[in-house]
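# Close look at the chain arrangement
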Amino acid sequence: MKGRIEILPNVFLTAVQTDKFKTGCMSLNLLRPLCHEEAAANALLPDVLLRGCRSFPDIRSISERLDELYGASVGGLIRKRGEVQTSGFFADFVEDELVGEPVFAPVMEFVSELLLHPVLENGCFSQNYFEGEKYNLANVIASSVNDKRAYAMSRLRQIMCADEAYGIARVGEMEDLEKLDAASLYAHGQNILSTSRVEMFYMGRQDPQQAAEVLRSVLTELPRSRFVEIGTSVKTDVSQIKTVTEQMDVTQGKLSMGFRTGCTLRDKDYPAMLMMNTIFGGGISSKLFVHVREEMSLCYYAGSALDAHKGVMLVNSGIEFDQFETARDEILRQLDACRAGDISEYEFDSAKGYLLSDLKAGMDSPGRLDEFYLSRSLAGLDESMEDLAARIRAVTKEQVVEAAGKVQLDTVFFLEGVQA
């Protein structure tokens, strides 16, 4: 059983009642517009809050409390969905009935205290806690260049969406992080507590209304005022294709390509676009994997993925330096094949089977369900995985071809080795 309940002004709970698991889970997400002014602060905030609160002021006392709660775990969450950034917590905990005493309510009280009553010094965050977590986040940002595959995709998004919020990194940029101090981060935290829409997800054995009552009671001190608007701009037209090449000390070239689809979760043809992406580059039966990687040996890896909040499709591949033009052209040729309806029955059925199997597995994964319902709440949709599966089953080959016809190349990024 699933329900969505407004427990406080602009604070929503999506609750899935199930007895499949011995543990329950909860996430709390403050929804913010992705922007340079906030991104790094939003990413830093949960980690500083997790260092201590009024009743449990340090890591040791926090660990002891979690041990008392049968080994519950609480961690920070930073997510990017289109041009919306979410900042918050997740928690996992044993079910009440399995231990014969309340665990859900005490865990929620603990999460609430972390959120609302942090350790303060001189009216702002502890300087020691702030500096430690700022250092850790700076290392995360600085080390992002070490994963060249992820770095190439990040650069693709930056170049493709240079004048759009989507180009901003999930955890912000170093120059924005460096501007923060303990006082400014605390002030920002107080502001977003009062001005953010909050989306919560719970999955466990509690009745949705009972879970809502517990959360309503522990969050009564959450300040509420005028709420900041969130949303994602979607571009459908490409005026000029951008091609950018950069050099770095790498042994394998990284070819990344960005496409505009104009299709989001809210569109009726989203399932067809999902099918098209899967046929094109979304699995081991896809055209990119079978033809470009396996048969032609042009890529060490090749795949595509949709961001259905932003309406883009991104391709990433690893190639030899001298195969740039050949690999790029072949990737585009496979997309042209989808547009022309050159899709075999095997490719079509395999893609549909892959998506349906993936959704079935997702129904048994608390983390996947959390991601799914957060995405649907951002899109204003009341849709379950079962609903999406039914829509996918109804997709025809003609609809896939029509979806492929809407995909436009926007940006090509190539990371090559340093020339001698």
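We now turn to the structure provided with this report. (Residues numbered from 1 in each chain as written. Predicted model: local features only at pLDDT ≥ 70, side-chain atom pairs only at ≥ 80, totals over all residues. Heavy atoms only, no water.)

The next thing to look at is the packing of helix 4 (residues 104-116) against helix 9 (residues 208-218). Two elements in contact, helix 4 and helix 9, have axes whose closest approach is 9 Å; the angle formed by their N-to-C orientations is 35°. Between helix 4 and helix 9 the crossing geometry is right-handed. Mapping the contact onto sequence places Phe104, Ala105, Met108, Glu109, Ser112 and Leu116 in helix 4 and Ala211, Val214, Leu215 and Val218 in helix 9. Tallied by class, the residues present in the contact of helix 4 with helix 9 amount to 8 nonpolar, 1 polar and 1 charged. (Axes fitted to C-alpha atoms, helices over the stretch in contact; angles between N-to-C directions. Helix = DSSP H or I, 4+ residues; strand = E, 2+ residues; numbered from the N terminus. Left-handed = near helix turned anticlockwise from the far one by under 90°. Contact = heavy atoms within 4.5 Å. Nonpolar A, V, L, I, M, F, W, Y, C, P; charged D, E, K, R; others polar.)

Oppositely charged side chains can form a pair if their charged atoms are brought close together. The full count for this structure, using the stated rule, is 31 salt bridges. The shortest N-O distance in the salt bridge between Glu347 and Lys287 comes to 3.1 Å. Of the two residues, Glu347 sits in helix 13 (residues 345-362) while Lys287 sits in helix 11 (residues 287-295), which places them 60 residues apart along the sequence. Residue Glu347 is classed as buried on the basis of its relative accessible area, which comes to 9%. Lys287 sits in the buried class, given a relative accessible area of 3%. With a shortest N-O distance of 2.6 Å, Arg339 and Asp336 are connected by a salt bridge. Separated by 3 residues within a single helix, Arg339 and Asp336 lie in helix 12 (residues 324-339), roughly one turn from each other. With a relative accessible area of 30%, Arg339 lands in the partly exposed category. Judged by relative accessible area, Asp336 falls into the partly exposed class, the value being 40%. (Salt bridge = Lys/Arg side-chain N within 4 Å of Asp/Glu carboxyl O. Buried < 20%, exposed > 50% of the residue type's maximum accessible area, 1.4 Å probe, protein only.)

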